[in-house]
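A structural walkthrough
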Amino acid sequence: MAVDYTKKSEVKEFMHQMQYRYGFKKRTLDRWFSNVRKNSYIRRLRQGLVCGGGRCRSMGSWDIYYFKFKKRVGGGVYFMHKFRKTLKRAYKKYGVPPEYITAIIGIESEYGVMRGDYFVFDRLVHLSFDKSDRRAKFYRKQLKALMRLSAREKIDPKDIRGSSSGAIGLAQFIPSTYKAFAVDFNRDGKKQMNNVVDAIGSIAYYFKRHHWKKGEDVAVRVRYEGNHFDALPTGYKHTYYRKNLDGIEPRYSFNYHGKVSLIKLEKHGWDELWYGGRNFYVITRYNHSSYYAMAVHKLAQSIKKSYIKRYGKEL
């Protein structure tokens, strides 16, 4: 079932802007906005529950969060080996290790298997014009960016699939990030996030633009007294000089000498504590969550370890 949005005054204003500021043809806009799918789901979404009820009660918030991602190590090893030449080229150009690019793609789209359950154009139209809350402005920005992206890349925006918030492709870039961060890494004249090579290059470029430092460690687990840590604020927004963190020591060598954040992972009955360096903060620019950044780090390290075990050397 389709919905005609061309009768809404705010949609008319938006279409007028797209026509006269960006050169879209009126008949094309009328066709797109008069035939918006009422239900933008492509298929029934996967359930978010990652464990049985009894098991969830015996797990901390970190264990529940990371439960589904730690199963993606094997897929990451296969992906990293299959695209090893591209990953090596990205590392040489941008300094981002292959395992971190692989982990991002593993978490965001399960190595390309799960690229989204929505028709993005229709979803963004609903989010932009069915509600008048503060988020509507953000989604209109994404809708505009999607349409301009489709014009540049010569694709029909009605065919693009993605997430519930409009993120697209293996790397799940939102449309407004494309112009600034997507790169044509396969040199075919297009920037396409559903292309593995472009996705790899774009993630590496995104990290580089956010000041990833080649050769610097990302995070290390630390020791502290007790089972729960509440002595200081934790999370990537709070940073400390290591010399001022009495009683907190890294368990392993840590090749980073700047200020660190304290990352707390809440497990069942106790807290796991980590130092996060500058590169950890860079990962949070992709998704503003300490748990997300730690999931990327731990998955990347597990993929690297398994890759070496399988192939006898680093990529």
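Residues numbered from 1 in each chain as written. Predicted model: local features only at pLDDT ≥ 70, side-chain atom pairs only at ≥ 80, totals over all residues. Heavy atoms only, no water.

Attention now moves to the overall build of the chain. Looking only at helices and strands, the chain features 13 helices and nine strands. Expected size for 315 residues packed as a compact globule is a radius of gyration near 20 Å; at 22 Å, the chain falls within 12% of this value. In terms of overall dimensions, the chain has C-alpha extents of about 65 × 40 × 35 Å along its principal axes. For the chain, the proportion of its 315 residues judged to be buried stands at 49%. When the accessible surface of the chain is split by element, carbon and sulfur atoms take 47% of a total near 16,600 Å². One way to put it: in the chain the 65 positive side-chain charges average out to a point 4 Å from where the 28 negative ones average out. (Helix = DSSP H or I, 4+ residues; strand = E, 2+ residues; numbered from the N terminus. Rg over C-alpha atoms; globule rule 2.2 N^0.38 Å. Buried < 20%, exposed > 50% of the residue type's maximum accessible area, 1.4 Å probe, protein only. Areas by Shrake-Rupley, 256 points an atom, 1.4 Å probe, with all protein chains shown as cover. Lys, Arg positive; Asp, Glu negative; His and termini not counted. Charge placed at Lys NZ, Arg CZ, Asp CG, Glu CD.)

This part covers the nonpolar core. As a rule of thumb, nonpolar side chains are buried together in soluble globular proteins. Residues F33 and M147 are the most contacted members of the largest nonpolar core, which totals 80 residues. The biggest single contributor to this core is helix 13 (residues 290-311), with 10 residues. Those residues within four positions of F33 in sequence are excluded, and the remaining contacts are V3, D4, Y5, T6, V11, F14, M15, F121, V125, F129, L143 and M147. Of all hydrophobic cores here, the second largest spans 13 residues; its members include V220, Y224, Y240 and Y275. (Core = buried A, V, L, I, M, F, W, Y, C linked by side-chain atoms within 4.5 Å. Contact = heavy atoms within 4.5 Å.)

The next point concerns the sheet that holds strand 9 (residues 270-276). Spatial strand order, 6-8-9-5-7: five strands in an open sheet with antiparallel pairing. In the strand order of this sheet, the two ends are held by strand 6 (235-240) and strand 7 (249-250), each with one partner. Bridge count between strand 6 and strand 8 (residues 260-267): two bridges; the pairing is antiparallel. Bridge pairing in strand 8 places Y240 opposite V260. Of the strands in this sheet, strand 5 (219-223), strand 6, strand 8 and strand 9 touch helix 13, which is tilted by about 90° from strand 8. (Pairing = 2+ DSSP bridges. Axes fitted to C-alpha atoms, helices over the stretch in contact; angles between N-to-C directions.)

A contiguous patch of positive charge, built from R84, K85, K88 and K313, is present on the exposed surface. Within the secondary structure, K85 sits in helix 6 (residues 84-94). Taking the relative accessible area as the measure of exposure, K85 reaches 70% and is therefore exposed. (Patch = residues over 30% accessible without salt bridge, like charges linked within 9 Å, V, L, I, M, F, W, Y side chains within 5 Å. Salt bridge = Lys/Arg side-chain N within 4 Å of Asp/Glu carboxyl O.)

This paragraph deals with the environment of Y65. Among the structural elements, Y65 can be located in helix 4 (residues 61-66). For the pair Y65 and Y291, spaced 226 residues apart in sequence, the C-alpha separation works out to 7.7 Å. Once residues within four sequence positions are removed from consideration, Y65 is found in contact with Y291, Y292 and A295. Here the side chain of Y65 touches Y292 through a polar contact of 3.5 Å, landing on its backbone nitrogen. (Polar contact = N/O pair within 3.5 Å; in protein donor to acceptor, adjacent residues only side chain to side chain.)

A few words on the side chain of H210. Considering the arrangement of structural elements, one finds H210 in the loop between helix 11 (196-209) and strand 5. Excluding its chain neighbours within four sequence positions, the residues that come into contact with H210 are F181, R278, V282 and R285.

Now for the packing of helix 5 (residues 73-82) against helix 13. At a minimum axis separation of 9 Å, helix 5 and helix 13 run at an interaxial angle of 65°. Judged by the angle between their axes, helix 5 and helix 13 are roughly perpendicular. The element helix 5 and its partner helix 13 pack so that their crossing is right-handed. Of the residues in helix 13, those in contact with V73, G76, V77, M80 and H81 of helix 5 are L299, S302, I303, S306, Y307, R310 and Y311. Class assignment for the residues of the contact of helix 5 with helix 13 results in seven nonpolar, four polar and one charged. (Parallel < 35°, antiparallel > 145°, perpendicular 65-115°, else oblique. Left-handed = near helix turned anticlockwise from the far one by under 90°. Nonpolar A, V, L, I, M, F, W, Y, C, P; charged D, E, K, R; others polar.)

With that out of the way, let us pick up the pattern of salt bridges. Side chains carrying opposite charge are able to pair once their charged atoms draw close together. Summed over the entire model, instances satisfying the criterion amount to 11 salt bridges. Here R221 and E272 are joined by a salt bridge, their closest N and O atoms 4.0 Å apart. Here the residue R221 occupies a position in strand 5, and E272 occupies one in strand 9, the gap between them amounting to 51 residues. Residue classification places E272 among the buried residues on the basis of a relative accessible area of 6%. What emerges from the salt-bridge pattern is a single network uniting D63, R221, K267 and E272.

Here helix 1 (residues 9-22) spans 19 Å end to end across 14 residues, near enough to the 20 Å set by a 1.5 Å rise per residue. Buried within helix 1 we find V11, F14, M15 and M18. For helix 1, the buried positions fall inside an angular range of 95° around the axis, keeping them on one side. Of the residues in helix 1, the exposed ones pointing more than 90 degrees away from the buried face are S9, E13, Y20 and R21. Elements that come into contact with the buried residues of helix 1 comprise helix 2 (26-33), helix 8 (120-129) and helix 9 (135-153). (Expected span 1.5 Å × (residues − 1). Arc of directions from axis to C-beta.)

Considering the arrangement of structural elements, one finds S128 in helix 8. Sequence separation between S128 and L245 is 117 residues, and the spatial gap between their C-alpha atoms is 47 Å. Filtering out sequence-adjacent residues up to four positions away, S128 remains in contact with A136, Y139, R140 and L143.

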